[in-house]
Amino acid sequence: MAPKPQKPKSPKDGRKKGAQGKKKQIPSDNEEQVPISMESMGHPEIFPLVLTTKTQEIFNCRVNEDFTDEQPYKLLKKEDIIEDLHNRAAVSDFHPVKKIVQEYPGGELLLVYDKDFKYGLNFYLIGTEEGKESFLNAPEAPEELEEHKEHVIEDMYVYKPPVSKPWVSLGSEKEIEEESVKESTKQITYMISRKRSEFGAPIKFSDHNASSIKDAYIECTAYPDKNFTVKQLEKDVGVQVIPKINDISTQTKWTYPKNASTQYYPREFSEEEKEAFGQSKSLTDFLNNVSVSVEIALQQNEIMNTFIDDWKCLAEEEGTFGDKTDTHLKEYQSFTDLHNLTEKTITCVSWHPTIYGLIAVSVAVRLTFEDRVQYSGKLLLQPSLILFWSFSDPIHPQLMLESPDDIFCFKFCPTDPNIIVGGCINGQIVMWDITAHADRIENIKTGGSRSKKATLKPMFLLEPESNKEAMYIRHCAVSSIENGHKKVITDIHWLSDTFEINRMGSVFENRSEICCQLVTCSADCTICFWDIRPQKTLTPQQTEKKKEESIEIPYDIPSTFLHLDLSWKPLTKLRLSKGETSLEHCPTKISLSEEHLLYRSEEKLLAQDKAMKVGEMNPYQNLEAGLANPLKPIEDFSTKFFMGTEEGEVIYTDWKMERDPDTGRLMAKKPVHLYTVHDGAVHTIQRSPFYKDIILSIGGWNVAIWKEGVVSGPLLQSCCAPKRYTSGHWSLTRPGVFYVGREDGYIDIWDLLEKTHEPAQSQNICVTMITYIKPWTLSARQQFIAIADYYGTLHILEIPWTLSHPSANEIASVNHYFEREVKHLEYVEQRKKIREQEKQEMDLEIEKKKIKTYHKSKEQMEAELKMDYDNYLELEKTVLINLGLIKVSEKVSYMDIL
């Protein structure tokens, strides 16, 4: 009999799955699928099935039409099922129970609709005649019988109070009697007496030397005698539970108790002494000298809390570090371009350096190279943009920067955040100047007040009134196509405003005191350095021509970088060759040694921004002024940098050029070091914001941490990850934390103080590949991280306290870890040298043994030859005897003949 169906967990889902069916894998014809049986649930005759809509129409067993609540079953002919298996083979839904159907003794099988999904699927087939009969002949109302039976049992039950019974001994009193303490020996009684005649007798005193003992007092105290000390090796103790326990402990051993008391009274000056001290000059001078120190001490007591619990504060500090209560990133906001119908992905993300709550993203069409070539005509009609999103409006972009082609990397200028430079997929560099729109985006964010520390309010309180239409801003300069990169620009950086370089790569002091040079790398195997200033001073005639040409420029484009438009050429170009072959390294990311100089303090940026608003001239309006200053070379400047390639190599090289001794041409130096660590293209290579010589590289399926100056290899190299890594970034506040994005939408959070062999935790962010990660600090208490995905959605997540606030000694701990890894690498290198030396010594010993075997004396060689010959004669004699050619009696004669 089939069991009574239970209450369904989700009836809606059940109807949906029953009506539409499920997708299943189609097994091959040769593969015999094992039917699923409910033997574990006590019903081996039941076999669950999934019947698709097509199968339901063939056998007229449609849900809610042929099957109802009153009749949830149907008899199917065995011949029809076998015919369906013959026609559709492995595609048939009855293929899992093919063997059951063929071996079924009857002509009709019972199919039941499992509405409640009790056995996991929407139908089940009863494979035996007994099961079919028990299901069809089941009692109509078993529930009512059970309820009636329960009511009858409840009515018949009568409460009977418990009756006390006499206590029966089971032998426990004997155990108590055995464990009780009883006196086994008789007590001895002593009586001390004195004669009555001796009472009141005179006392006899004797002489004693009082000077030998201090205070002439001798105390005869008791002491333990070791000769009569018995150690107890075993003790039998009986324990009984008592309601109260009182524990008393002391830190000292009170060997000899002794009663003592002390009585004292305060010592005071007399009236004469008080008057004398009051008129004393030395006391007055002392008080005058000490009064200042006492006042400072009293002020410190008022400023600082002298009653603070240091241990409690220390526990709170250590508790925040490594606390597992709140370690997950929390979704704060998300941005998606709903107005653009083209499917695009986010290629680069950058927070605005001075305006809080404003973030810029570059988007590109999600097409392969072959599809781009095929649809190139359509792509020219679609704008390539950099979108500016504000926390106040998550739907409408505030600004849109137009570009000739899709942007794959861009950076804000460290000197002036209103100047933006980006690299296109076609190899061109594009520049924008949004100075004219700076007030608009600030007013959108802060609601009219230009306060940088504006708190983030809910977005419904900050809805802009007249800013629903985004502004399109055209670029003000683009590089030359013929003289620039030939392929997509993969990375771009501003050089610091403290130095500049020439065509040879030599370093000089910055004559403009602003960031005027760039460095880019591209998939065309080149690294280019660019200068935004005019290479030659303009003559008066050229300035007049410039004014005439400026008439044709649209009014909405600033003329800041007009001299660069379509004529901008790189200052110098590097090509890193692979040894003596004609192949070259293809760079994807670069990390300069002076990256930390690009990030100024917030106060300096605000002061500069305020000065420009007051009325001072923008330094980028007069770029020719710095050309007249003489160049001063900078000594001891590191021109080496790290670079990642498409092959997964990490290269440490120099940007200085050298002349070829044969041709005299300028060429790049050979790489200083080359490491093949990653098993895929390197997409992240970044210096730590806390250590100038620590570099993080991510590519393929692993992560590596390097230390500049250590040539033996990486300090940390992770094992192969379950999914490919696609992006990464250091934490801005914790030196031992960095974030790594994966292609399955997860983000791995590494904490070097917690784990170094695997991520500390993993969290799912989206359902597709993560393309870019960029953290940002709002305040000392709040931090965000921007995570972009392949579908074009920008996720803003709030970083928890444990991942944003370091402990008191975290920088020193991480630094100690790096130093320990450096020592470990040095030890490994020393062991390698020792092993190589031991191997060489072993090879020499083997060679010496071979030489000894070859250099034998003449007597030894003759003896060996004679021994071999004797062995040969013995073997020949044995063979002849076995063949019967000679007899045993002829042995002697045969040996004589030989």
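A. The overall build of the protein, seen in detail. Looking only at helices and strands, one finds 19 helices and 37 strands in the protein. Counting the 898 residues in the protein, one finds 37% classified as buried. Sequence separation of 24 or more characterises 64% of the internal contacts of the protein that already satisfy a separation of 6 or more. On the protein, roughly 59600 Å² of surface is accessible, and the fraction owed to carbon and sulfur atoms is 54%.

B. Representation of a nonpolar patch on the surface in the model. Together, Phe269, Phe277, Leu283, Phe286 and Leu287 line one region of the surface with nonpolar side chains, adding up to about 510 Å² of accessible area. Looking at the nonpolar patch, the element that brings in the most residues is helix 9 (residues 281-303), giving three residues. Along the chain, the position of phenylalanine 269 falls in the loop between helix 7 (172-179) and helix 8 (271-278).

C. Spotlight on the pairing of strand 31 (residues 725-730). In terms of burial, strand 31 is a largely internal element, six of the six residues being buried. Taking the residues between adjacent antiparallel strands as the criterion, strand 31 and strand 32 (residues 737-742) are bridged by six residues.

D. Main features of the pattern of salt bridges. Using the criterion set out here, one finds 17 salt bridges in the structure. With a shortest N-O distance of 2.9 Å, aspartate 531 and arginine 533 are connected by a salt bridge. Several salt bridges converge on common partners, so that one network encompasses Glu500, Asp531 and Arg533.

E. Here's a closer look at the packing of aromatic side chains. With the rule as written, the count across this model stands at 27 aromatic pairs. Residues tryptophan 530 and tryptophan 568 carry aromatic rings whose centres are separated by 5.3 Å and whose planes lie at 70° to one another, so their mutual orientation is edge-to-face. Here tryptophan 568 lies in the loop between helix 14 (540-550) and strand 20 (572-574) and tryptophan 530 lies in strand 19 (residues 527-531), a separation of 38 residues in the sequence. The class of tryptophan 530 is buried, set by a relative accessible area of 0%. Tryptophan 568 gets classed as buried once you look at its relative accessible area, which sits at 2%. Of the aromatic side chains, those joined through ring pairs into one cluster are Tyr332, Phe335, Trp351, Tyr356, Trp389, Phe391, Trp776 and Phe784.

F. Region of the structure containing the sheet that holds strand 12 (residues 429-433). Judged by pairing direction, the sheet is antiparallel, and its four strands sit side by side in the order 10-11-12-14 without closing on themselves. At either end of the open sheet lies a strand with only one pairing partner, and these are strand 10 (407-412) and strand 14 (477-478). Note: strand 12 against strand 14, two bridges, orientation antiparallel. Its bridge partner lying in strand 14, methionine 431 is registered against alanine 477.

G. Local environment of the pairing of strand 18 (residues 517-522). A large share of strand 18 lies buried, amounting to six of its six residues. Going residue by residue along strand 18, you find Gln517, Val519 and Cys521 tucked away on one face and Leu518, Thr520 and Ser522 tucked away on the opposite face as well. Note: strand 18 against strand 19, five bridges, orientation antiparallel. Among the inter-strand pairings, threonine 520 is bridged to a residue of strand 19, identified as cysteine 528. In textbook terms, the turn of a hairpin is the stretch between consecutive antiparallel strands, and for strand 18 and strand 19 this stretch comprises four residues, one of which, cysteine 525, has a positive phi near 65°.

H. Here's a closer look at the confidence of the model for the protein. When pLDDT is averaged along the protein, the result is 78; 78% of the residues meet or exceed 70. Predicted confidence for residues 1-31 stays below pLDDT 50, and this span has 48 contacts to residues more than four positions away or in other chains. Ignoring residues within four places in sequence, the model shows residues 445-467, a span with pLDDT below 50, making 35 contacts including any to other chains.

I. Just a negative patch on the surface, in detail. On the surface, Glu175, Glu178, Glu179, Glu234 and Asp236 cluster together into a negatively charged patch. Following the sequence through the fold, glutamate 175 ends up in helix 7.

J. Quick look at the sheet that holds strand 32. With respect to topology, four strands assemble into an open sheet ordered 31-32-33-34, the strand pairing being antiparallel. Only two strands of the sheet have a single partner each, and these edge strands are strand 31 and strand 34 (761-764). Adjacent strand axes in the sheet meet at a mean angle of 20°, parallel and antiparallel pairs treated alike. Across four bridges, strand 33 (residues 746-751) lies against strand 34 in antiparallel orientation. For aspartate 748, the partnering residue across the bridge sits in strand 34 and is serine 762.

K. Spatial organisation of the state of the cysteines. In total, this model carries zero disulfides according to the counting rule given. In this structure cysteine 525 is a free cysteine whose sulfur lies 4.4 Å from that of cysteine 586, the closest cysteine sulfur available.

L. Expanded view of unusual backbone geometry. The phi torsion at cysteine 525 lies on the positive side, around 65°, for a residue other than glycine. Here cysteine 525 shows up in the loop between strand 18 and strand 19. Residue cysteine 525 is classed as buried on the basis of its relative accessible area of 17%. Phi at leucine 566 is positive, roughly 65°, even though this residue is not glycine.

M. Up close: the nonpolar core. Membership of the largest hydrophobic core comes to 40 residues, with the highest contact counts inside it found for Val349, Phe388, Leu794 and Ile796. Residue contacts for isoleucine 796: discarding those within four places in its chain leaves Lys330, Glu331, Tyr332, Gln333, Phe335, Trp351, Ile359, Phe391, Phe784, Ile785 and Ala786. Of all hydrophobic cores here, the second largest spans 23 residues; its members include Cys409, Ile429, Cys528 and Trp530.

N. Fine view of the side chain of serine 403. With respect to the helices, strands and loops of the structure, serine 403 is situated in strand 9 (residues 399-403). Of the polar contacts made by the side chain of serine 403, one reaches the backbone oxygen of aspartate 405; its length is 2.8 Å. Apart from the residues lying within four places of it in its own chain, the contact partners of serine 403 are Ser384, Cys424, Val430, Trp432 and His475.

O. The arrangement of the environment of isoleucine 685 in detail. For isoleucine 685, the location among the structural elements is in strand 27 (residues 682-687). Overall, the relative accessible area of 7% leaves isoleucine 685 in the buried class. In the structure, isoleucine 685 is positioned 94 residues away from serine 591 in sequence and 6.2 Å away in space, judged by C-alpha atoms. The contact partners of isoleucine 685, leaving out residues within four places of it in the chain, are Lys589, Ile590, Ser591, Phe642, Met643, Gly644, Val650, Ile695, Leu696 and Ser697.

P. Looking closely at helix 18 (residues 858-883). Taking 1.5 Å per residue, 26 residues should reach 38 Å; helix 18 reaches 38 Å between its end C-alpha atoms and fits that length. Those residues of helix 18 not exposed but buried are Leu873, Lys877 and Leu880. Just downstream of helix 18 lies glycine 884, where phi reads positive at about 80°.

Q. Broad picture of the environment of serine 813. Within the element layout of this structure, serine 813 appears in helix 17 (residues 810-854). Serine 813 gets classed as partly exposed once you look at its relative accessible area, which sits at 27%. The spacing of serine 813 and glycine 736 is 77 residues in sequence and 8.9 Å in space, taken between C-alpha atoms.

R. Inspection of the environment of serine 362 at higher detail. Among the structural elements, serine 362 can be located in strand 7 (residues 358-365). Classification of serine 362 by relative accessible area gives buried; the value is 0%. Along the backbone, serine 362 and cysteine 348 are 14 residues apart, and their C-alpha atoms lie at a distance of 5.4 Å. Filtering out sequence-adjacent residues up to four positions away, serine 362 remains in contact with Thr345, Ile346, Thr347, Cys348, Leu385, Ile386, Ile407 and Phe410. Within the local environment of serine 362, its side chain forms a polar contact with the side chain of threonine 347, the two groups lying 2.7 Å apart.

Calculation notes
- Here the residue numbering is sequential within each chain, running from 1 through the sequence in written order.
- Note on the predicted model: pLDDT of at least 70 is required for a residue's local features to be given, and 80 or more for side-chain atom pairs to be given and counted; whole-chain, interface and lining totals, by contrast, use all residues.
- To obtain the side-chain values, all non-hydrogen atoms of the structure were included, while hydrogens and water were left out.
- Secondary structure follows DSSP: runs of H or I at least 4 residues long count as helices, runs of E at least 2 residues long count as strands, and numbering of each begins at the N terminus.
- Three labels apply to residues, based on accessible area from a 1.4 Å probe with only protein chains included: buried if under 20% of the type maximum, exposed if over 50%, partly exposed otherwise in between.
- Residue contacts are counted whenever heavy atoms from the two residues lie within 4.5 Å of one another.
- Accessible surface is estimated by sampling points in the Shrake-Rupley manner with a 1.4 Å probe; for residues, cover comes only from the protein chains shown.
- In this analysis, a patch consists of residues with relative accessible area above 30% that form no salt bridge, clustered at 9 Å for like charges and at 5 Å for the nonpolar side chains Val, Leu, Ile, Met, Phe, Trp and Tyr.
- For this document, the term salt bridge refers to a Lys or Arg side-chain nitrogen within 4 Å of an Asp or Glu carboxyl oxygen.
- When DSSP locates at least two bridges between a pair of strands, those strands are taken to pair.
- Note on aromatic pairs: the rings of Phe, Tyr and Trp (six-membered ring only in Trp) are paired at centre separations within 6.5 Å, and the planes decide the class, stacked below 30 degrees, edge-to-face beyond 60, tilted for the rest.
- Values of pLDDT, ranging from 0 to 100, describe the predictor's confidence in every residue of the model.
- For this count, His and the chain ends are skipped, Lys and Arg are scored as positive, and Asp and Glu as negative.
- One atom stands in for each charge, and that atom is NZ of Lys, CZ of Arg, CG of Asp or CD of Glu.
- In this analysis an axis means a line fitted to C-alpha atoms, helices contributing only their contacting stretch, and an angle means the value between N-to-C directions, from 0 to 180 degrees.
- Any two cysteine sulfur atoms within 2.5 Å of one another count as a disulfide.
- Residues grouped as a nonpolar core are buried Ala, Val, Leu, Ile, Met, Phe, Trp, Tyr and Cys residues, joined through side-chain atoms within 4.5 Å.
- Under the rule applied, a polar contact is a pair of N or O atoms within 3.5 Å (in protein, one hydrogen donor and one hydrogen acceptor; residues adjacent in sequence only if both atoms are side-chain atoms).
- Helices are assigned an expected span. That span is 1.5 Å times one less than the residue count.

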